[in-house]
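# Secondary and tertiary structure notes
The chain contents come next:
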Amino acid sequence: MRKALVVIVIVGMFAWAVYDFAIKSDESADSDRDYTVEEGVSTAADSTGEDDGDTTEKVGLEIGNVAPDFELNTLEGETVNLSDYRGEKVMLNFWATWCPPCRAEVPDMQRFFEDKDVTILAVNLTSTESSEKVVTDFVEDYGMTFDVLLDENTQVASQYQIQPIPTSFLINSDGTIHNKAFGALNYEMMIQEYEKMH
């Protein structure tokens, strides 16, 4: 009798632990359904609990996500945020002066900038350069007229998980990532993807 009682108590405690765990997991899953939180941005889903695609913006680095916002200084000392360019098609390019594929890509980027209604933000990995003057000289030598941003601590490069350079993100006018490219793009590739952007 005593053994049976001990077994019942142990089974009861086990059942309670499983029940308690299941309830907490369910509550946690419910809270995850209501909000998308990434990169410090939280946006609520609509009141029905269903996502109609218009009320929730997912911030991230995948195609279709809203590109993470950042703040950097231009070569001229002006502070800009990526979000300042909402409503414009943007090519966000990570590069350095010492990188041969970057050097090869710049003339095509300049032509692309001149031919199309596109904003180019060329984020220089400034901490990898010998000096800021090297960047200034490079910009002048290559006739770059689009914005060059200085990522002095590679904070934005880390945020965007940049491995090879150049790496480019093509960003739609609504702030979502249309495409990302690892390595140099040529003019034809830029135009081809530009035509698909919105």
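To start, this report covers the structure provided alongside it. Because the structure is a prediction, the values reported are computed rather than measured. Numbering of residues starts from 1 in each chain and follows the order in which that chain's sequence is written. For this predicted model, a pLDDT threshold of at least 70 governs which residues receive local features, and a threshold of 80 or more governs which side-chain atom pairs are given and counted, while totals over whole chains, interfaces and linings are taken from all residues. To obtain the side-chain values, all non-hydrogen atoms of the structure were used and water was disregarded.

### With respect to the environment of Gln163
We count it as follows: Numbering of helices and strands starts at the N terminus; helices are DSSP runs of H or I of at least 4 residues and strands are runs of E of at least 2. Buried, partly exposed and exposed residues are distinguished by accessible area as a fraction of the type maximum, computed with a 1.4 Å probe on protein chains only: under 20%, between the cut-offs, and over 50%, respectively.
Tracing the backbone shows Gln163 in the loop between helix H4 (155-159) and strand S8 (167-171). Here Gln163 falls in the exposed class, since its relative accessible area comes to 70%.

### A look at the environment of Asn179
Put simply, the test is: Contacts were defined at the residue level, with two residues in contact if any of their heavy atoms lie within 4.5 Å. As used in this structure description, the phrase polar contact means that two N or O atoms lie within 3.5 Å; if the pair is within protein, one of them must be able to donate a hydrogen and the other to accept it, and residues adjacent in sequence are counted only when both atoms belong to side chains.
Along the polypeptide, Asn179 turns up in strand S9 (residues 177-182). Beyond its immediate stretch of four places on either side in the chain, Asn179 contacts Ile63, Ser168, Phe169, Leu170 and Glu193. Within polar-contact distance, the side chain of Asn179 engages the side chain of Glu193 at 3.4 Å.

### As for the nonpolar core
As a rule of thumb, soluble globular proteins bury nonpolar side chains together. This is how the line gets drawn: What we call a nonpolar core is a set of buried Ala, Val, Leu, Ile, Met, Phe, Trp, Tyr and Cys residues that are connected through their side-chain atoms within 4.5 Å.
Leu92, Phe94, Phe112, Tyr160 and Phe169 are the most contacted members of the largest nonpolar core, which totals 49 residues. It is strand S5 (residues 90-95) that contributes the most residues to this core, five residues altogether. Those residues in contact with Phe94 that sit more than four places away from it in its chain are Val123, Leu125, Val156, Ala157, Tyr160, Ile162, Ile165, Pro166, Thr167 and Phe169.

### Some thoughts on the sheet that holds S5
Our working rule: DSSP calls a pair of strands paired once it identifies at least 2 bridges connecting them. Where helices are involved, their axes are fitted lines through C-alpha atoms of the stretch in contact, as for all axes, and angles between N-to-C directions lie from 0 to 180°.
Taken together, the seven strands give an open sheet; going across it, the order is S4-S3-S7-S6-S5-S8-S9, and neighbouring strands pair in mixed fashion. Edge positions in the open sheet fall to strand S4 (79-81) and S9, since each of these has one partner strand only. Pairwise comparison of adjacent strand axes, ignoring direction, gives a mean angle of 30° for this sheet. By the bridge criterion, five bridges tie S8 to S9 in an arrangement that is antiparallel. Residue pairing for S9: Ile171 is matched across the bridge by Ile177. The strands touched by helix H2 (residues 100-115) are S5, strand S6 (119-124) and S8; relative to S5, the strand with the most contacts, the crossing angle is about 160°. Where helix H3 (residues 132-141) meets the sheet, it contacts S5, S6 and strand S7 (147-150), and its direction lies at approximately 170° from that of S7.

Everything listed here is a matter of coordinates, which is why it stays silent on function.
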